[in-house]
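Structure at a glance
Here's the letter readout for the chains.
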Amino acid sequence: MTLFEKEVLEGLSGVPKRLSSRFFYDAAGDKLFQDIMRMPEYYLTDCEFEIFQTQRAEILNALPRTPFDLIELGAGDGLKTKVLLQHFLDQGRQFRYMPIDISGNVLNTLQDSLHREMPQLDVAPQQGEYFRVLAGLKDLVSRPKVVLFLGANIGNLKQADARRFLFELRDALALDDMVLIGFDLKKDPEIILSAYNDPAGITAAFNLNLLTRINREMQGDFNIDQFKHWEVYNPMSGETRSYIVSKTKQDVFVGTLNKTFHFEAWEPIEVELSLKYSRQDIDSLASDTGFSPVCFFHDKRNYFVDTLWKK
């Protein structure tokens, strides 16, 4: 049984039903997410890109003066990170870029593009789970480490899970190693909801594509027209949650699991959490997990922040 099959079986058998957002990203999902990032309502990518373009010098000045390893957790296509990499190279700083990802294909694609665009860059991709790779580096590498965890990915973790993640990250680092983390900030609820519930329906198509993927890869018989995307934002908790909701009472058979899943009318499947933070939330998260904030880099609208912490 594949990981996808295992998680679909567990998630659709549970109460309430859940599916992991990690499975959004097949070929169609990748294309739809690129469309999302180009939407005017989806401010997150533009905000972090603006921060790196306008404050790259300040970010570099806050980093170690000695040679260091720049380690990125989940680099993807590296679009935003390349802004920093090019500036660091232009300033003659000595560093090695080490993207970590579970996908060898993602790493190969990124490495190829970096060799074309920045042939002088020292790139050492590391395939595997974040903390296993970091633990190995702790034993092998003595020079300072700067870890990048960008794109508000921390927001996809519940508060308790975010703390657990940061405890593990701290344990994998040496004293005075640094972490640059992107946080999406609390703001007008309408702005947040529009980013995840756009009028063009691109986000809805992105989420519903998860059911299409189950149909294709697991011989499911989901009728996509009988489900709808639903988004909610709680301004008190900062939680944005995405759901796929069954419009009617129905049964869905998934062939590779040889199992039928029952849905009541208007029963939801929770598919994604995106947590928004206040400055107080961020300060508490840092102090609770053994980090000290060093710098905060905001976009001009104060929608987003990349914050540099030191162990």
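Just so it is clear, the model here is predicted, and its values are computed rather than measured. (Residues numbered from 1 in each chain as written. Predicted model: local features only at pLDDT ≥ 70, side-chain atom pairs only at ≥ 80, totals over all residues. Heavy atoms only, no water.)

Let's shift gears to the nonpolar core. Leu70, Phe88, Phe95, Tyr97 and Leu121 are the most contacted members of the largest nonpolar core, which has 64 residues in total. Here the element with the most residues in this core is helix 3 (residues 43–61); it accounts for 7 residues. Every residue in contact with Phe95, bar those within four places of it in the chain, is listed here: Phe68, Leu70, Leu85, Phe88, Leu89, Leu121 and Asp122. Ranked by size, the runner-up nonpolar core spans 30 residues in total, among them Phe131, Phe149, Leu275 and Phe291. (Core = buried A, V, L, I, M, F, W, Y, C linked by side-chain atoms within 4.5 Å. Buried < 20%, exposed > 50% of the residue type's maximum accessible area, 1.4 Å probe, protein only. Helix = DSSP H or I, 4+ residues; strand = E, 2+ residues; numbered from the N terminus. Contact = heavy atoms within 4.5 Å.)

Moving on: the sheet that holds strand 1 (residues 17–18). Within a sheet, adjacent strands bond to each other through the backbone by hydrogen bonds, running parallel or antiparallel. With respect to topology, 4 strands assemble into an open sheet ordered 1-11-8-7, the strand pairing being mixed. Looking at the sheet topology across the chains shown, the edges are occupied by strand 1 and strand 7 (227–234). As paired elements, strand 1 and strand 11 (residues 268–275) share 2 bridges and run parallel to each other. The residue bridging Lys17 from the neighbouring strand is Ile269, located in strand 11. (Pairing = 2+ DSSP bridges.)

It is worth spelling out the sheet that holds strand 3 (residues 95–101) at this point. The mixed open sheet is built from 7 strands, whose spatial order is 4-3-2-5-6-13-12. Edge positions in the sheet fall to strand 4 (126–127) and strand 12 (292–298), since each of these pairs with one other strand and no more. Against the sheet, helix 4 (residues 81–90) contacts strand 2 (68–73), strand 3 and strand 5 (145–149), and its axis sits at roughly 165 degrees relative to strand 3. (Axes fitted to C-alpha atoms, helices over the stretch in contact; angles between N-to-C directions.)

Pairing between side chains becomes possible if they bear opposite charge and their charged atoms approach one another. The full count for this structure, using the stated rule, is 23 salt bridges. One salt bridge connects Glu7 with Arg22, and the closest N-O pair in it is separated by 3.5 Å. One end of the pair, Glu7, is in helix 1 (residues 3–13); the other, Arg22, is in the loop between strand 1 and helix 2 (27–37), with 15 residues separating them in the sequence. Residue Arg22 is classed as partly exposed on the basis of its relative accessible area, which comes to 48%. Notably, a salt bridge pairs Lys31 with Asp35, separated by 3.0 Å at the nearest N-O pair. Taken together, the residues span about one helical turn, with Lys31 and Asp35 both in helix 2 at a distance of 4 residues. The exposure class of Lys31 is partly exposed, given its relative accessible area of 44%. The structure contains a network of salt bridges with shared partners spanning Arg18, Glu239, Arg241 and Glu270. (Salt bridge = Lys/Arg side-chain N within 4 Å of Asp/Glu carboxyl O.)

On to the pairing of strand 3. Of all 7 residues that make up strand 3, 7 are buried, and the element is covered over most of its length. Note: strand 2 against strand 3, 6 bridges, orientation parallel. Directly across from Leu70, in strand 3, lies its bridge partner Tyr97. Between the parallel pair strand 2 and strand 3, the chain is carried across by helix 4, and the sense of this crossover is right-handed. When strand 3 meets strand 4, the two strands line up parallel, connected through 2 bridges. (Right-handed = clockwise from strand over helix to strand, strands pointing away.)

Further remarks concern the packing of aromatic side chains. Under the counting rule described, the total for this entry stands at 18 aromatic pairs. Their ring planes at 80 degrees and their centres at 6.2 Å tell us that Phe33 and Tyr42 sit as a pair that is edge-to-face. Ring geometry for Phe33 against Phe206: centres 5.7 Å apart, planes inclined by 35 degrees, an arrangement best described as tilted. With a gap of 173 residues between them, Phe33 in helix 2 and Phe206 in helix 9 (residues 202–218) connect regions that are remote in the sequence. The exposure class of Phe33 is partly exposed, given its relative accessible area of 22%. With a relative accessible area of 3%, Phe206 lands in the buried category. These aromatic residues form a ring-pair network of at least three members: Phe24, Tyr25, Phe33, Tyr42, Tyr196 and Phe206. When the ring centre of Phe263 is taken as origin, the NZ or CZ atom of Lys17, which lies over that ring, is 4.9 Å away. (Phe/Tyr/Trp six-rings, centres within 6.5 Å; stacked < 30°, edge-to-face > 60°. Lys NZ or Arg CZ within 6 Å of the ring centre and 35° of its normal.)

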